[in-house]
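# Commentary on secondary and tertiary structure
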Amino acid sequence: NAGVMQNPRHLVRRRGQEARLRCSPMKGHSHVYWYRQLPEEGLKFMVYLQKENIIDESGMPKERFSAEFPKEGPSILRIQQVVRGDSAAYFCASSPQLGSTDTQYFGPGTRLTVL
Amino acid sequence: QKEVEQDPGPLSVPEGAIVSLNCTYSNSAFQYFMWYRQYSRKGPELLMYTYSSGNKEDGRFTAQVDKSSKYISLFIRDSQPSDSATYLCAMSVTGGQNFVFGPGTRLSVLP
């Protein structure tokens, strides 16, 4: 049973380009969470999605960032017109059901570097 | 003041030592408390999950929550070099979403 998959593992973009980060949840999981981790800082919650629904996006920057979790395929975190401050590790986690704190599994992360 | 504070370390201990990791927080509404272990270049792995105050033990790990002091701890007994990692505390008001993480404590267990 494969764990949470994220790709790419490393992504390099120049300022102004778009970054697309993908997350495939564990089999049977229908809830996805995205987090950002900056050096020397903890994980910051960004967004919580179910299939075709955004449940909580209170941690998402208001501009340039968007997330989706379509009926088919992986969840996508999209960052438009990237800036140097977007450089970070982005983790997604998945869980099988709502409020399932003790079964939230993290992926290996995507490390975004903006030149 | 940050919502969750954690000493970043690094904390170095000899193999076999008892390790104490701690977090303090400011939001008295937090009810769900988690500890995650994160190896370098990997995703966090859930170690312990507790609800409200009290203790929880799982093998060599013990989690303690003191809501009156807004203080949580993770104890590791008989520490091993394989325990060397960053330990993140996290907490939530509702459980299941909107976790607030501490910055993590880097632990090195020396053989």
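Residues numbered from 1 in each chain as written. Chains lettered and ligands numbered in written order. Predicted model: local features only at pLDDT ≥ 70, side-chain atom pairs only at ≥ 80, totals over all residues. Heavy atoms only, no water.

## Concerning the overall build of chain A
Rules: Counting from the N terminus, the helices are the DSSP runs of H or I reaching at least four residues and the strands are the DSSP runs of E reaching at least two. The reference for a compact globule is 2.2 Å times residues^0.38; the radius of gyration itself is calculated from the C-alpha atoms. The cut-offs for exposure are 20% and 50% of the maximum accessible area for each residue type, with area from a 1.4 Å probe on protein chains only; residues under the lower value are buried, those over the upper are exposed, and the others partly exposed.
Each helix and strand in chain A was counted, giving zero helices and eleven strands. Each helix (α) and strand (β) of chain A, taken in turn from the N terminus, gives the series β-β-β-β-β-β-β-β-β-β-β. Relative to its length of 115 residues, chain A is compact, with a C-alpha radius of gyration of 13 Å against a globular reference of 13 Å. Judged by the C-alpha coordinates and their principal axes, chain A covers about 35 × 25 × 25 Å. Scored against the burial criterion, the 115 residues of chain A give a buried share of 45%.

## Focus on the state of the cysteines
Residues and elements named next belong to chain B. Spelled out, the test is: Any cysteine sulfur atom paired with another within 2.5 Å is treated as part of a disulfide.
Summed over the entire model, instances satisfying the criterion amount to two disulfides over all chains. Here cysteine 23 pairs with cysteine 89 through a disulfide, and the sulfurs are 2.0 Å apart. On the sign convention where negative is left-handed, the bridge of cysteine 23 and cysteine 89, at about -105° about the S-S bond, is left-handed. Residue cysteine 23 is located in strand β3 (residues 19–25), and its partner cysteine 89 is located in strand β9 (residues 85–92); the two are separated by 66 residues in the primary sequence. Residue classification places cysteine 23 among the buried positions, given a relative accessible area of 1%. Given a relative accessible area of 0%, cysteine 89 falls into the buried group.

## As for the side chain of B:Thr105
Residue and element names in this part refer to chain B. Inclusion rule: Any pair of nitrogen or oxygen atoms within 3.5 Å is treated as a polar contact; in protein, a donor-acceptor pairing is required on top of that, and neighbouring residues in sequence qualify only through side-chain atoms on both sides. The criterion used for residue contact is that any of the two residues' heavy atoms lie within 4.5 Å.
Mapped onto the elements, threonine 105 comes out in strand β11 (residues 105–110). Relative accessible area serves as the criterion here: at 6%, threonine 105 is assigned to the buried category. Polar side-chain contacts of threonine 105 include one of 2.4 Å to the backbone oxygen of aspartate 7. Excluding anything up to four places from it in sequence, threonine 105 contacts Gln6, Asp7, Pro8, Gly9, Leu21, Ala85, Thr86 and Tyr87.

## Remarks on the pairing of strand β8 (residues 75–79) of chain A
Residue and element names in this part refer to chain A. Stated precisely, the cut-off is as follows: Each pair of strands is called paired provided DSSP finds at least two bridges between the two strands.
With four of its five residues buried, β8 lies for the most part within the structure. Relative to β8, strand β7 (residues 65–68) runs antiparallel, the two being bridged by four bridges. Opposite serine 66, over in β8, you have arginine 78 as the bridge partner.

## Brief notes about the packing of aromatic side chains
This is how the line gets drawn: Within 6.5 Å between ring centres, the rings of Phe, Tyr and Trp (the latter by its six-membered ring) count as paired, and their orientation is classed by plane angle as stacked under 30 degrees, edge-to-face over 60, tilted in between.
Overall, the coordinates contain twelve aromatic pairs over all chains when judged by the stated rule. Judged by centre distance (5.5 Å) and plane angle (85°), the ring pair of A:Phe106 and B:Tyr36 falls under edge-to-face. With A:Phe106 in strand β10 (residues 105–106) and B:Tyr36 in strand β4 (residues 32–38), this pair bridges two chains. Taken as a pair, A:Phe106 and B:Tyr36 share a single burial class, namely buried. Their ring planes at 5° and their centres at 6.2 Å tell us that B:Tyr32 and B:Tyr49 sit as a pair that is stacked. Pair noted here: B:Tyr32 is in strand β4 and B:Tyr49 is in strand β5 (residues 45–51), with a separation of 17 residues, a long-range link. We note that B:Tyr32, like B:Tyr49, is buried.

## Section: the nonpolar core
Soluble globular proteins tend to bury their nonpolar side chains together. Cut-off, in case you're wondering: For our purposes a nonpolar core is just a set of buried Ala, Val, Leu, Ile, Met, Phe, Trp, Tyr and Cys residues, chained together by side-chain atoms within 4.5 Å.
Counting residues in hydrophobic clusters, the biggest one holds 25 residues, and the most contacted among them are B:Val4, B:Trp35, B:Ile72, B:Leu74, B:Tyr87 and B:Met91. Elements represented by at least two residues in this core include exactly β3, β4, β5, β7 (61–66), β8 (71–76), β9 and β11 of chain B. Core analysis: the next-biggest nonpolar cluster, separate from the first, contains 23 residues, A:Leu11, A:Trp34, A:Val47 and A:Met60 among them.

## Some thoughts on the layout of surface pockets
Gaps between atoms show up when a probe of the same size as a water molecule is rolled over them. The criterion, for reference: A cavity, in this analysis, means grid points on a 1 Å lattice covering only the protein atoms where a 1.4 Å probe fits yet has no way out; a pocket is instead an open set bounded by protein on both sides within 12 Å along at least five of seven lines, and a residue lines either one if it has an atom within 4 Å of a point. Grid points are joined across faces, edges and corners, and a volume is the space filled by probe spheres set on the points. Polar here means any residue other than Ala, Val, Leu, Ile, Met, Phe, Trp, Tyr, Cys and Pro, which are nonpolar, and Asp, Glu, Lys and Arg, which are charged; Gly is therefore polar.
In this structure, the largest pocket encloses a volume near 610 Å³. Taken together, 27 residues line the largest pocket, and the ones lying closest to its centre are A:Gln37, A:Glu40, B:Gln38, B:Thr86 and B:Arg106. Its residues assigned to classes, the lining of the largest pocket shows eleven nonpolar, ten polar and six charged. Reported here for the second largest pocket is a volume of approximately 220 Å³. Around the second largest pocket sit 15 residues that line it, and A:Gly42, A:Leu43, A:Lys44, B:Val100 and B:Phe101 are the ones nearest its centre. Of the residues assigned to the lining of the second largest pocket, the class counts are seven nonpolar, three polar and five charged.

## Observations concerning the sheet that holds β7(A)
Residues and elements named next belong to chain A. To be explicit about the condition: The axes are straight lines fitted to the C-alpha atoms, using for helices just the contacting stretch, and the angles between their N-to-C directions are given from 0 to 180°.
Spatial strand order, β1-β3-β8-β7: four strands in an open sheet with antiparallel pairing. Each edge of the open sheet is held by one strand with a lone partner, namely β1 (5–7) and β7. Each neighbouring strand pair of the sheet contributes to a mean axis angle of 15°, computed without reference to strand direction.

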